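Listed below are the residues making up each chain.
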Amino acid sequence: MYIKYNTHRVGTAACFAVGNKPVGPDNPEGPRKILDKIVQKSAFRVKIYADNRTYQQGDLISFSIKSAKTGYLNLIEINPNGKVNVLFPNKYKSNNNIMMDEEIKIPQSIGGFKLRASSITGTSRIYAIVSMKPVNLFKEDIGVLNSGFKSLNKMDLKSLSIQLKIDVEEDK
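Please read all numbers here as calculations on a predicted model, not as lab measurements.

A.B. asks: Explain the nonpolar core here, please?
C.D. replies: Inside soluble globular proteins, nonpolar side chains tend to come together where they are buried. By size, the foremost hydrophobic cluster in this structure holds 22 residues, and its most contacted members are Phe 63, Ile 65, Leu 73, Leu 75, Ile 106 and Leu 115. Among the elements that take part in this core, strand β2 (residues 42-50) stands out by supplying 4 residues, more than any other. When neighbours within four sequence positions are excluded, Phe 63 is seen to be in contact with Ile 48, Tyr 49, Ala 50, Leu 75, Leu 87, Ile 104, Lys 105, Ile 106, Leu 115 and Ile 126. Counting 17 residues, the second-largest nonpolar core is a separate cluster that includes Val 39, Tyr 127, Ile 129 and Ile 142.

A.B. asks: Help me understand unusual backbone geometry in this model?
C.D. replies: Residue Pro 89 is reached from Phe 88 by a cis peptide bond, and omega for that bond is 0°. The topology assignment puts Pro 89 in the loop between β6 (84-88) and β7 (97-98). Going from Ile 106 to Pro 107, the amide bond is cis rather than trans, its omega being 10°. Residue placement: Pro 107 occurs in the loop between β8 (104-106) and β9 (115-116). The backbone of Asp 101 sits at a positive phi, close to 60°, despite the residue not being glycine. Tracing the backbone through its elements, the reader meets Asp 101 in the loop between β7 and β8. With phi around 55°, Ser 147 is a residue other than glycine that occupies positive phi space. Along the chain, Ser 147 turns up in the loop between β11 (144-146) and β12 (149-152). Residue class for Ser 147 comes out exposed when judged on its relative accessible area of 59%.

A.B. asks: Whenever I open this one, the packing of aromatic side chains confuses me. Can you help?
C.D. replies: The description of two aromatic rings rests on the distance between their centres and on the angle between their planes. Applying the stated rule across the entire model yields 3 aromatic pairs. Measuring from ring centre to ring centre gives 5.8 Å for Tyr 92 and Phe 149, while their planes differ by 55°; the resulting arrangement is tilted. You can see Tyr 92 sitting in the loop between β6 and β7 and its partner Phe 149 sitting in strand β12, a full 57 residues away along the chain. For Tyr 92, a relative accessible area of 35% gives the class partly exposed. Residue Phe 149 is classed as buried on the basis of its relative accessible area of 18%. Relative to Phe 149, the ring of Phe 113 lies with its centre 6.1 Å away and its plane at 75°, an arrangement referred to as edge-to-face. You can see Phe 113 sitting in the loop between β8 and β9 and its partner Phe 149 sitting in strand β12, a full 36 residues away along the chain. Classification of Phe 113 as buried rests on a relative accessible area of 9%. Through a chain of ring-to-ring contacts, the aromatic side chains of Tyr 92, Phe 113 and Phe 149 assemble into a single cluster. If you follow Lys 150 out to its NZ or CZ, it ends over the ring of Phe 138, 6.0 Å from the centre.

The rules behind each value
Residues numbered from 1 in each chain as written. Predicted model: local features only at pLDDT ≥ 70, side-chain atom pairs only at ≥ 80, totals over all residues. Heavy atoms only, no water. Core = buried A, V, L, I, M, F, W, Y, C linked by side-chain atoms within 4.5 Å. Buried < 20%, exposed > 50% of the residue type's maximum accessible area, 1.4 Å probe, protein only. Helix = DSSP H or I, 4+ residues; strand = E, 2+ residues; numbered from the N terminus. Contact = heavy atoms within 4.5 Å. Phe/Tyr/Trp six-rings, centres within 6.5 Å; stacked < 30°, edge-to-face > 60°. Lys NZ or Arg CZ within 6 Å of the ring centre and 35° of its normal.

Quick look at the structure:
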């Protein structure tokens, strides 16, 4: 399934993994709102889809991503509990370059790690953010490192939106 958004400075896409619960807490001021705004204001198309629509605990997860422009990919998850995790880049692979029109599979194309479905039940929302300027959420001085991956909070995401020059405040 592809979900495409087009607007201005950054290319982004959201892939919704199907589950049996709503995607994270529906807090309009939370991380989901910020990431949705970044998606809505994107400038070029990024396609993302998962290899399956549902997963059982322990299943291997894979995403295919293709960007209309060369840039820097950050793959972000909001899990069913509302926690924000940077899936890529990470401790295992920190080079997040993506070439125009080249489909990559994460983690297969880049190697070094595996993504497995956790015991948390529900639906996760996955965001693929490709920026033209170098943005690497793993290397940034934000978030908390947890088992090789970063966890982010609302302020970290606001910092990302500032780097991308995207206003995530209410439209006037």
